[in-house]
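# Residue-level structure breakdown
Residue strings, one per chain:
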Amino acid sequence: MTKPLPPFIDHSAAALALLNQGGRFTRKAGSFLGQCAVDPTPLTPSQSEWLSTLLDRAGLPPVAEISDGK
């Protein structure tokens, strides 16, 4: 039995992993992932959901939930 992969530390690492995996993406999805990989700006809830969907379809772990301590 294989050990599950740990969650990605941030959306940039997750997007880069998706791009490096070599899957086929629509132009829109590829553009979104490229932007996520280089832009540290937090994602909107809709963007986070889309990234989660792409990660799930590729069989990759989710992005870790980061708590700001509030």
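First, a word on what this report is: a plain description of the structure on this page. For clarity, every value in this text was computed on a predicted model and none was experimentally measured. (Residues numbered from 1 in each chain as written. Predicted model: local features only at pLDDT ≥ 70, side-chain atom pairs only at ≥ 80, totals over all residues. Heavy atoms only, no water.)

## Quick word on the overall build of the protein chain
Scanning the protein chain from terminus to terminus reveals three helices and zero strands. Reading the protein chain from its N terminus to its C terminus gives the helix and strand order α-α-α. Scaling as 2.2 N^0.38, a compact globule of 70 residues should have a C-alpha radius of gyration of about 11 Å, and the protein chain matches this with 12 Å. Seen along its three principal axes, the alpha-carbon backbone of the protein chain occupies a region of about 40 × 35 × 20 Å. (Helix = DSSP H or I, 4+ residues; strand = E, 2+ residues; numbered from the N terminus. Rg over C-alpha atoms; globule rule 2.2 N^0.38 Å.)

## Points about the packing of helix H2 (residues 27-38) against helix H3 (residues 45-57)
Direction vectors running N to C along H2 and H3 enclose 110°, while the axes themselves pass 12 Å from each other. Here H2 is positioned roughly perpendicular relative to H3, judged by the angle of their axes. Across from Lys28, Ala29, Phe32 and Leu33 in H2, the residues of H3 making contact are Gln47, Trp50, Leu51 and Leu54. Across the contact of H2 with H3, the residue classes break down as six nonpolar, one polar and one charged. (Axes fitted to C-alpha atoms, helices over the stretch in contact; angles between N-to-C directions. Parallel < 35°, antiparallel > 145°, perpendicular 65-115°, else oblique. Contact = heavy atoms within 4.5 Å. Nonpolar A, V, L, I, M, F, W, Y, C, P; charged D, E, K, R; others polar.)

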